[in-house]
Amino acid sequence: MRSAMAPANELEHSVLAHVDREQIVEMCGQLIQASSENPGGTEERTVLLLQGVLQNLGATVHLQQVEPGRPNLIAHLGGGNAGGGVLFLGHSDVVPAGSGWDADPFMVRREGDRLIGRGATDMKGGLSAVIAAMAAVNRHAPHIPLTLICTVDEEADALGIENYISSVDGTPYSACIVAEPTDLTAIIGCRAAANLQVQISGASAHAGRPADGASAIEAAAELVALIGDDKQRLAAEPHPVLGPATWNVGTLKAGHGTSIVPDHAVLGVDRRLLPGEDPQQVLDALLSAVRNRIDGTETLDARKLQFHGSVEMFMPGFLTEPQAPLVRRVCAALQDLGAAGEHGIWTASCEGGFIAEHHHVPTVVLGPGEINTQAHQPNESVSISDLHTAACAYALIALRQYETSQS
């Protein structure tokens with residue numbers, strides 16, 4: 001905890017007193033050791049651990065099988081276990097550990113105020129804080145409904161959240177708190193994210209007579225140049241809160257060898273979208289523009305080049321207005337706990353947009369850990385003090401959100 005608490009009433013004081021940092025540390029360590037790399041493994045060990053802990057608290061837990069060994073978890077606690085109240089959102093998978101660690105990434109280490117291990121920040125620390133908050137609130141106010149949804153595959157293709165929204169009705173919740181690492185800043189919005197794939201088919205030929213073919217790599221270069229031009233347009237037309245939409249060409253796979261004109265190329269492109277933009281329309285416009293560009297060149301045989309594209313993944317964005325009651329409530333809870341209580345916008349994306357859209361609920365991303373300096377890196381770590389502060393903040397938000405809904 002960054003400074004002394006300032007609970008507003010006796011109930012808040014009792015609930016916060018029940019948030020035990022050592023229990024959070026133990027829970028986080030167990031979750032880290034229940035490895036759930038994606039790709040490369042399954043989330044089942046983590047989910048079964050969560051299921052057991054939540055059932056011991058008295059929660060009603062439903063596992064939703066997305067793929068073999070990959071279950072979503074939906075847990076209701078309090079209020080008759082019928083749902084409603086604050087919805088907490090998390091994910092059970094972590095990115096692969098990779099190399100560069102000082103010790104086993106799935107054997108948690110404690111060094112001073114930090115826990116070290118894959119997923120400590122993203123986001124088993126956040127899940128541990130949510131469970132601690134739910135347990136504390138339910139112990140002293142069992143009439144308050146609380147829900148946790150923990151999805152699989154967030155780090156790759158969002159199969160878990162897509163399965164959830166396609167099979168669960170729009171149960172009303174008063175708010176959604178996404179426990180992703182935000183360094184205890186209340187994130188009130190993020191742009192949508194789309195992974196686009198563009199396939200270019202050309203014509204192979206001997207490198208000694210390149211004019212006999214049509215280079216898919218040269219066509220890809222024209223596509224990349226076109227995207228570069230569009231970056232400038234987007235930068236000049238930012239959203240007043242979310243900032244500009246962006247492009248990033250992340251992968252390019254092409255060719256057979258240096259002596260062969262390449263007849264194929266596949267590009268992986270990231271596009272961050274603003275409200276009102278549709279990923280398929282953005283892709284269609286890109287393909288039309290590159291076709292027009294190729295048709296206007298003298299160095300490429302446009303007749304031998306074909307462009308095809310697909311939207312491989314789409315994660316909707318969201319925006320909760322800065323003056324919305326939920327934002328004020330979240331910031332006030334953080335300030336009462338000695339944190340800065342600031343709000344901001346995320347450059348990353350998360351699954352909160354799915355929930356905001358599906359359940360029509362105000363959404364804020366808030367969690368312990370830092371996404372840019374800790375997540376997805378060797379020796380990933382999280383502050384134990386921030387884990388405790390996050391759990392206390394979640395508890396205060398749940399209490400105050402319920403009190404407001406009843407007034």
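Residues numbered from 1 in each chain as written. Predicted model: local features only at pLDDT ≥ 70, side-chain atom pairs only at ≥ 80, totals over all residues. Heavy atoms only, no water.

**Observations regarding the overall build of the protein chain**
And step 1. Tallying secondary structure elements over the protein chain gives 10 helices and 16 strands in all.
And step 2. A compact globule built from 407 residues would reach a C-alpha radius of gyration of about 22 Å, and the protein chain, at 24 Å, matches this within 12%.
And step 3. Within the span of the protein chain, comprising 407 residues, buried residues form 53% of the whole.
And step 4. Restricting to contacts in the protein chain with at least 6 residues of sequence separation, those with at least 24 account for 80%.
And step 5. On the protein chain, roughly 16,500 Å² of surface is accessible, and the fraction owed to carbon and sulfur atoms is 49%.
And step 6. Distance between charge centroids for the protein chain: 3 Å, based on 24 positive and 47 negative side chains. (Helix = DSSP H or I, 4+ residues; strand = E, 2+ residues; numbered from the N terminus. Rg over C-alpha atoms; globule rule 2.2 N^0.38 Å. Buried < 20%, exposed > 50% of the residue type's maximum accessible area, 1.4 Å probe, protein only. Contact = heavy atoms within 4.5 Å. Areas by Shrake-Rupley, 256 points an atom, 1.4 Å probe, with all protein chains shown as cover. Lys, Arg positive; Asp, Glu negative; His and termini not counted. Charge placed at Lys NZ, Arg CZ, Asp CG, Glu CD.)

**With respect to the sheet that holds strand β12 (residues 306-315)**
And step 1. Read across the sheet, four strands follow the order β10-β11-β9-β12 without closing on themselves; strand pairing throughout is antiparallel. Both edges of this open sheet fall to β10 (246-254) and β12, since each of them pairs with a single strand only. Shown here is a sheet whose adjacent strand axes are inclined to one another by a mean of 20°, direction ignored.
And step 2. Sheet analysis places β10 next to strand β11 (residues 264-273), joined by eight bridges and oriented antiparallel. What sits directly across from K253, in β11, is V266.
And step 3. Contacts from helix α7 (residues 279-295) reach β9 (192-201), β10, β11 and β12 within the one sheet, and its direction differs from that of β12 by about 155°. (Pairing = 2+ DSSP bridges. Axes fitted to C-alpha atoms, helices over the stretch in contact; angles between N-to-C directions.)

**Some points on the pairing of β9**
Look at any regular strand and the pattern is simple: side chains alternate between the two faces of the sheet.
And step 1. With 10 bridges connecting them, β9 and β11 associate as antiparallel partners. Paired with S201 across the bridge in β11 is H264.
And step 2. Bridging between β9 and β12 involves nine bridges; their strand directions are antiparallel. Bridge pairing in β12 places V198 opposite G309.

**As for the nonpolar core**
And step 1. In terms of nonpolar packing, the biggest core is built from 67 residues, with L54, L73, F88, I177, V330, L366 and Y394 touching the most fellow members.
And step 2. The greatest single-element share of this core, amounting to 12 residues, is contributed by helix α10 (residues 384-406).
And step 3. With near-sequence residues (within four places) excluded, V330 lies in contact with I177, A186, V364, L366 and I397.
And step 4. Within the second largest apolar cluster, 32 residues are counted, among which are V198, A220, V282 and L305. (Core = buried A, V, L, I, M, F, W, Y, C linked by side-chain atoms within 4.5 Å.)

**Let's talk about the environment of A339**
And step 1. Along the polypeptide, A339 turns up in the loop between α8 (325-336) and β14 (343-346).
And step 2. By relative accessible area, which is 8% here, A339 ends up buried.
And step 3. Sequence separation between A339 and D386 is 47 residues; the distance between their C-alpha atoms is 9.3 Å.

**As for unusual backbone geometry**
And step 1. Of note, the bond from N38 into P39 is cis; its omega dihedral lies within 30 degrees of zero at 0°.
And step 2. Residue position: P39 is located in the loop between α2 (21-33) and α3 (44-56).
And step 3. Residue D122 is joined to M123 through a cis peptide bond whose omega torsion reads -10°.
And step 4. Even without a glycine there, the phi angle at H376 is positive, about 65°.

**Focus on the packing of helix α6 (residues 216-235) against α7**
And step 1. One way to put it is that α6 packs onto α7 with a least axis distance of 10 Å and a crossing angle of 120°. Here α6 lies oblique to α7, going by the angle between them. As α6 packs across α7, the resulting crossing turns out to be right-handed. Across the interface between the two elements, A219, E222, L223, A225, L226, I227 and D229 from α6 touch L286, A289, V290, R293 and I294 from α7.
And step 2. Tallied by class, residues from the contact of α6 with α7 come to nine nonpolar, no polar and three charged. (Parallel < 35°, antiparallel > 145°, perpendicular 65-115°, else oblique. Left-handed = near helix turned anticlockwise from the far one by under 90°. Nonpolar A, V, L, I, M, F, W, Y, C, P; charged D, E, K, R; others polar.)

**Some thoughts on the sheet that holds strand β16 (residues 381-383)**
Strand pairing in a sheet relies on backbone hydrogen bonds. The paired strands run either parallel or antiparallel.
And step 1. Across the sheet, three strands lie side by side as β4-β5-β16; this open sheet has antiparallel pairing. What marks the edges here is a single partner per strand, and that holds for β4 (109-111) and β16. Each adjacent strand pair in this sheet contributes to an overall mean axis angle of 25°, direction not counted.
And step 2. Across three bridges, the pairing between strand β5 (residues 114-116) and β16 is antiparallel. The partner of I116 across the bridge, within β16, is S381.
And step 3. Running at roughly 60° to β16, α10 makes contact with β4, β5 and β16 of the sheet.

That is the geometry; function is a separate question.
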